[in-house]
Amino acid sequence: MSGGSGVPTTMQALVLTGPGEFEMREVPTPVPADDEVLCRVRSVAICGTDPKIVKGAFPGVWPKTYPFIIGHEWAGDVVALGVGVASSPKAAERVGVGARVAGEAHCGCGTCANCLSGHYTICRNYGDASAGHRHYGFTSQGAYAKYVVASAKSLHRLPDELSFDEGAMLDTAGVALQGVRRGRVGVGDTVVVIGPGPVGMLTQQYSTAAGAEKVLMVGRGTRLRQAADMGAVPVDYESVDPVQRVLELTGGRGADVVIECAGTRTACTQAVGMTAKGGRLVMNGIPTEPVEIPWAKIVLDEIDMLGVRANPNTSVPALALIANGAVEVRSMITHIFPLEEFAGALSTFVERRDGALKVVLHP
Ligand SMILES: [Zn+2]
Ligand SMILES: [Zn+2]
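In this report, we go over the structure that sits alongside the text. (Residues numbered from 1 in each chain as written. Chains lettered and ligands numbered in written order. Predicted model: local features only at pLDDT ≥ 70, side-chain atom pairs only at ≥ 80, totals over all residues. Heavy atoms only, no water.)

So, the packing of aromatic side chains
What counts here: Centres within 6.5 Å are what make two rings of Phe, Tyr or Trp a pair, Trp counting through its six-membered ring; a difference in plane orientation under 30 degrees is then read as stacked, over 60 as edge-to-face, and the rest as tilted. The numbering of helices and of strands both runs from the N terminus, where a helix is a DSSP run of H or I of at least 4 residues and a strand a run of E of at least 2. Three exposure classes are used, based on accessible area relative to the maximum for each residue type with a 1.4 Å probe and protein chains only: buried under 20%, partly exposed in between, and exposed over 50%. Charge-over-ring placement is defined geometrically: NZ (Lys) or CZ (Arg) within 6 Å of the ring centre, and within 35 degrees of the ring normal.
Applying the stated criterion across every chain, the model contains four aromatic pairs. Between Y144 and F342, the ring centres sit 5.2 Å apart and the planes meet at 55°, which makes this aromatic pair tilted. You can see Y144 sitting in the loop between β8 (134-135) and β9 (147-151) and its partner F342 sitting in helix α13 (residues 342-350), a full 198 residues away along the chain. With relative accessibility at 0%, the residue Y144 sits in the buried group. Here the aromatic cluster, defined as three or more aromatic residues joined through ring pairs, consists of F22, Y144 and F342. Note that R100 overlies the ring of F164, its terminal NZ or CZ placed 4.7 Å from the centroid.

Description of the environment of R330
Tracing the sequence through the fold places R330 in the loop between α12 (315-323) and β17 (333-338). Look at R330 and you get exposed, because its relative accessible area is 55%. Distance from R330 to V257, taken between C-alpha atoms, is 27 Å for residues 73 residues apart in sequence.

Considerations on the coordination of the zinc ion (ligand 1)
For the record, the criterion: Metal coordination here is assigned from N, O and S atoms located within 2.8 Å of the ion, or within 3.2 Å for Na, K and Ca; omission of water means that sites may look incomplete. Square planar and octahedral assignments, for four and six donors respectively, both demand that opposite donors be over 155 degrees apart and that all other angles lie between 65 and 115; tetrahedral needs four donors with all angles between 85 and 135 degrees, and anything else is irregular.
Protein-derived coordination of the zinc ion (ligand 1) comes from C47 (SG), H72 (NE2), E73 (OE) and D171 (OD), at a distance range of 2.1 to 2.6 Å. Here the zinc ion (ligand 1) is ringed by four donor atoms whose angles at the metal span 81 to 155°, and the overall shape comes out irregular. Linear spacing of the donor residues for the zinc ion (ligand 1) on their chain is C-x24-H-E-x97-D. A single burial state applies to H72 and to E73, both of which are buried.

Re the pattern of salt bridges
Our working definition: We define a salt bridge as a contact between a side-chain nitrogen of Lys or Arg and a carboxyl oxygen of Asp or Glu at a distance within 4 Å.
Counting across every chain of the model gives 13 salt bridges. Here R330 and E166 are joined by a salt bridge, their closest N and O atoms 3.0 Å apart. Taken together, the residues span a long stretch of sequence, with R330 in the loop between α12 and β17 and E166 in helix α5 (residues 164-167) at a distance of 164 residues. In this structure, D304 and R184 form a salt bridge, with 3.2 Å as the shortest nitrogen-oxygen distance. A residue pair is termed long-range when its members are at least 10 positions apart, and D304 in strand β16 (residues 304-307) and R184 in the loop between α6 (170-182) and β11 (190-194) qualify at 120 residues. For D304, a relative accessible area of 34% gives the class partly exposed. On the accessibility criterion, R184 (45% relative accessible area) is partly exposed.

Quick look at the structure:
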């Protein structure tokens, strides 16, 4: 390890100790492997997946064992380099000590066919640390802590004009951009986004940046109003049949691209009904219960169904569009808590207290 003078050997971290159980603990500061760097975490956002991991919804998978530190949507500064990074002038220039960076959760093995073709979020060696795979905050130690290690290739320089809190939105922004890319949203397209949560609202913004003629947002309440304020045509599923309404608003055709970001059983089925003949249906929300699919419509209308696994190769353009103002993330950060107040932050996020959209922690 190079640099790191003044880095204490232990640190405060939010540690999961069992399903539904967590506490602040003093733990050893992680040591970067050859291709990793050690970062001081300045801001880390709660992801929609985090409360499910805290609850213990993925036993034996996320996390494999307890105790474990989660958290994967973070930004901070580099404080020490692994031996391999320090000995590479290019790597040290990009993520050297003092660099302001934002992290990606997925680090592929780098050698399987999927990684070699750029699809590292569907690495064939997923979860195999000995093969070089890391999924920070899921299968490898995450960022709900004062320090975190990350592979140099999982880090991106934060443009000077962006704050650490905005940097912590990179994961969410990159996932939204991946959905827009998978849907091949193009100039003049009509896009439906289902679910005005953080990913949905960023999907709306990236679709507009990609040239969509109009974006319809399906949702309810204050979140739907917020999406409408940002330029979406609102479709309130509490007061109208959303499929009928989308058909009305598209001259009976349906949308060129539908991007499902809610993951509920009803929304997933409705998404198919809203897609035009020859259209694309992007599945970005992860359903937790079985979904009914009108299979014949997909066959006869030649609908492309496209899954989204996280944010491969989207961080650089996602950050650039935030930095140049085409996409805005600041207004989505509704709450900031110190890491010590994780319990309060978590319930604020889960219960959507006081209009909570994105809740950020400062270790
Ligand atoms: Zn996330
Ligand atoms: Zn791989």
